[in-house]
Amino acid sequence: MQNYPQYSSKQKWIHWLTLVLIVLTYLLVQFKVTLSPYLGGMFNIYLFHKSFGVLILGITLWRFIVIKQDGVPDVLPKTHKRQRILSKSVQGFIYLSLIIVPLSGYLMSSRSLNFLGVISIPAIDMPNKAYQLFHQIHQVSAYLLLALLIVHIVGALFHYVWIKDKVLQSMLKRS
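1. Concerning the packing of helix 3 (residues 42-70) against helix 4 (residues 81-108)
Part 1 of the argument: Look at helix 3 against helix 4: their axes get within 9 Å of each other, and the N-to-C directions meet at 150 degrees. Seen along the crossing, helix 3 lies across helix 4 with a hand that is left-handed. Judged by residue contacts, Gly 53, Ile 56, Leu 57, Thr 60, Arg 63, Phe 64 and Ile 67 of helix 3 engage Tyr 95, Leu 98, Ile 99, Pro 102 and Leu 103 from helix 4.
Part 2 of the argument: When its residues are assigned to classes, the contact of helix 3 with helix 4 shows nine nonpolar, two polar and one charged.

The structure is reproduced here in structure tokens:
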């Protein structure tokens, strides 16, 4: 096995926190009817869903700052060009989706966005067709994000199980 560089602890926290928030945001909408009585009604379901979306967007922007400061470890050998292209492409589309999904979610709503019931972000007044367009963008990009995350996870497991290198460990712990 090769000795792979590690992501910084900030990058690991951002990575895993983003995943937790994505899962929670997705589960809130998928199980809204079941969760509604436990979370105080549909209003709170959507309050948390939208607030988590704002957090995901903010953490994604923070991720870009951290990447600029810390760089990104080169965990794949330069000789594996196809893997590197696939890996960077999937990561790039995940990052793009982490911006598009929350922004389109905000733009699809004709109501102000209350972040955790504390800060109110006013709605943008648009024609009804624009709201419908952003709703479609939100749905399609959310499913695309889900598919990309599955590809990302399968890729990490592929490296761990079949290739037996330390690509997955570079995001898990210090070696």
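Picking up where we left off.
2. Details of the packing of aromatic side chains
Within a pair of aromatic rings, the relevant descriptors are the distance that separates the centres and the angle that separates the planes.
Part 1 of the argument: Counted under the stated rule, the structure contains three aromatic pairs.
Part 2 of the argument: Centroid distance Phe 64 to Tyr 95: 5.8 Å. Interplanar angle 85 degrees. Geometry classified as edge-to-face. Here Phe 64 is found in helix 3, whereas its partner Tyr 95 is found in helix 4, with 31 residues between them in sequence.
Part 3 of the argument: Since its relative accessible area comes to 31%, Phe 64 is described here as partly exposed.

What counts as what
- Residues numbered from 1 in each chain as written.
- Predicted model: local features only at pLDDT ≥ 70, side-chain atom pairs only at ≥ 80, totals over all residues.
- Heavy atoms only, no water.
- Axes fitted to C-alpha atoms, helices over the stretch in contact; angles between N-to-C directions.
- Helix = DSSP H or I, 4+ residues; strand = E, 2+ residues; numbered from the N terminus.
- Left-handed = near helix turned anticlockwise from the far one by under 90°.
- Contact = heavy atoms within 4.5 Å.
- Nonpolar A, V, L, I, M, F, W, Y, C, P; charged D, E, K, R; others polar.
- Phe/Tyr/Trp six-rings, centres within 6.5 Å; stacked < 30°, edge-to-face > 60°.
- Buried < 20%, exposed > 50% of the residue type's maximum accessible area, 1.4 Å probe, protein only.

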